[in-house]
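Spelled out, the chains give:
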Amino acid sequence: MSDAVTIYHNPRCSKSRETLNLLKEKGVEPQVVLYLENPPDAATLRNLVKMLGMRSARELLRQKEDLYTSLALMDPDLPEEALILAMVEHPKLIERPIVVHNGKARIGRPPEQILEILD
């Protein structure tokens, strides 16, 4: 496994900026993925859900986004693949920031949560 640290980052998000700053304060220079410009593919999203320890891709969705409602993603009968594809097509729906290190991932809400995977 790689020692590299990756952050799925949105520079316009205060929590994402705080998380990136926390990494740098800890001496970590992460690979920064601007996921709104370079959205992760379906396989990457499935892997992130697994690394985050989530039971469903629904847990990775930003449920307060207008798109969540307009795309009717609250429908409990939607298959996992539909949720994943919605995030591929609309990366704004992906919860942020996500930090990945050594096969584990954490969402930086609060930013200090990412420290669990840096040791």
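The name given to the protein chain in an unreviewed UniProt entry is Arsenate reductase, with Trabulsiella guamensis ATCC 49490 as the source organism. You can read under Catalytic activity (unreviewed entry) in the UniProt record for the protein chain the words "[glutaredoxin]-dithiol + arsenate + glutathione + H(+) = glutathionyl-S-S-[glutaredoxin] + arsenite + H2O". Checking UniProt for the protein chain, the heading Sequence similarities (unreviewed entry) contains the comment "Belongs to the ArsC family."

Further remarks concern helix α1 (residues 14-25). Over its 12 residues, α1 runs 16 Å from end to end, which matches the ideal 16 Å to within 8%, given 1.5 Å per residue. Inspection of α1 places Ser16, Thr19, Leu20, Leu22 and Leu23 among the buried residues, and these make up the whole buried set. Buried residues of α1 fall within an arc of 155° about the axis and therefore sit on the same side. Positioned one or two residues after α1, Gly27 has a phi angle of 85°, which is positive.

What follows covers the pattern of salt bridges. Inspection of every chain in the model, using the stated rule, returns 7 salt bridges. Of the charged contacts in the structure, one is a salt bridge between Arg62 and Glu95, with a shortest N-O distance of 3.1 Å. With Arg62 in the loop between α2 (42-51) and α3 (66-70) and Glu95 in the loop between α4 (80-89) and β3 (98-101), this residue pair connects regions lying 33 residues apart in the sequence. Here Arg62 and Glu95 have matching classes, each one buried. Among the salt bridges present, the one from Glu65 reaches Lys92, with a minimum N-O distance of 3.7 Å. One end of the pair, Glu65, is in the loop between α2 and α3; the other, Lys92, is in the loop between α4 and β3, with 27 residues separating them in the sequence. A single salt-bridge network, built from bridges that share partners, covers Arg62, Glu65, Lys92, Glu95 and Arg109.

Pairing geometry for strand β1 (residues 5-9) and strand β2 (residues 31-34), over 4 bridges, is parallel. In the strand pairing of β2, Tyr8 is matched with Val33. Taken together, β1, α1 and β2 constitute a β-α-β crossover, and its handedness is right-handed.

This paragraph deals with the sheet that holds β1. Pairing is mixed in the open sheet, where 4 strands are placed in the order β2-β1-β3-β4. One side of each edge strand has no neighbouring strand; the edge strands of this open sheet are β2 and β4 (104-107). For this sheet, the mean angle separating the axes of adjacent strands, direction not counted, is 20°. Lying on the sheet, α1 is in contact with β1, β2 and β3; it crosses β1 at an angle near 160°.

Each value, and the rule that gives it
- Residues numbered from 1 in each chain as written.
- Predicted model: local features only at pLDDT ≥ 70, side-chain atom pairs only at ≥ 80, totals over all residues.
- Heavy atoms only, no water.
- UniProt positions renumbered as here; feature names shortened; annotations may be inferred.
- Helix = DSSP H or I, 4+ residues; strand = E, 2+ residues; numbered from the N terminus.
- Expected span 1.5 Å × (residues − 1).
- Buried < 20%, exposed > 50% of the residue type's maximum accessible area, 1.4 Å probe, protein only.
- Arc of directions from axis to C-beta.
- Salt bridge = Lys/Arg side-chain N within 4 Å of Asp/Glu carboxyl O.
- Pairing = 2+ DSSP bridges.
- Right-handed = clockwise from strand over helix to strand, strands pointing away.
- Axes fitted to C-alpha atoms, helices over the stretch in contact; angles between N-to-C directions.
- Contact = heavy atoms within 4.5 Å.

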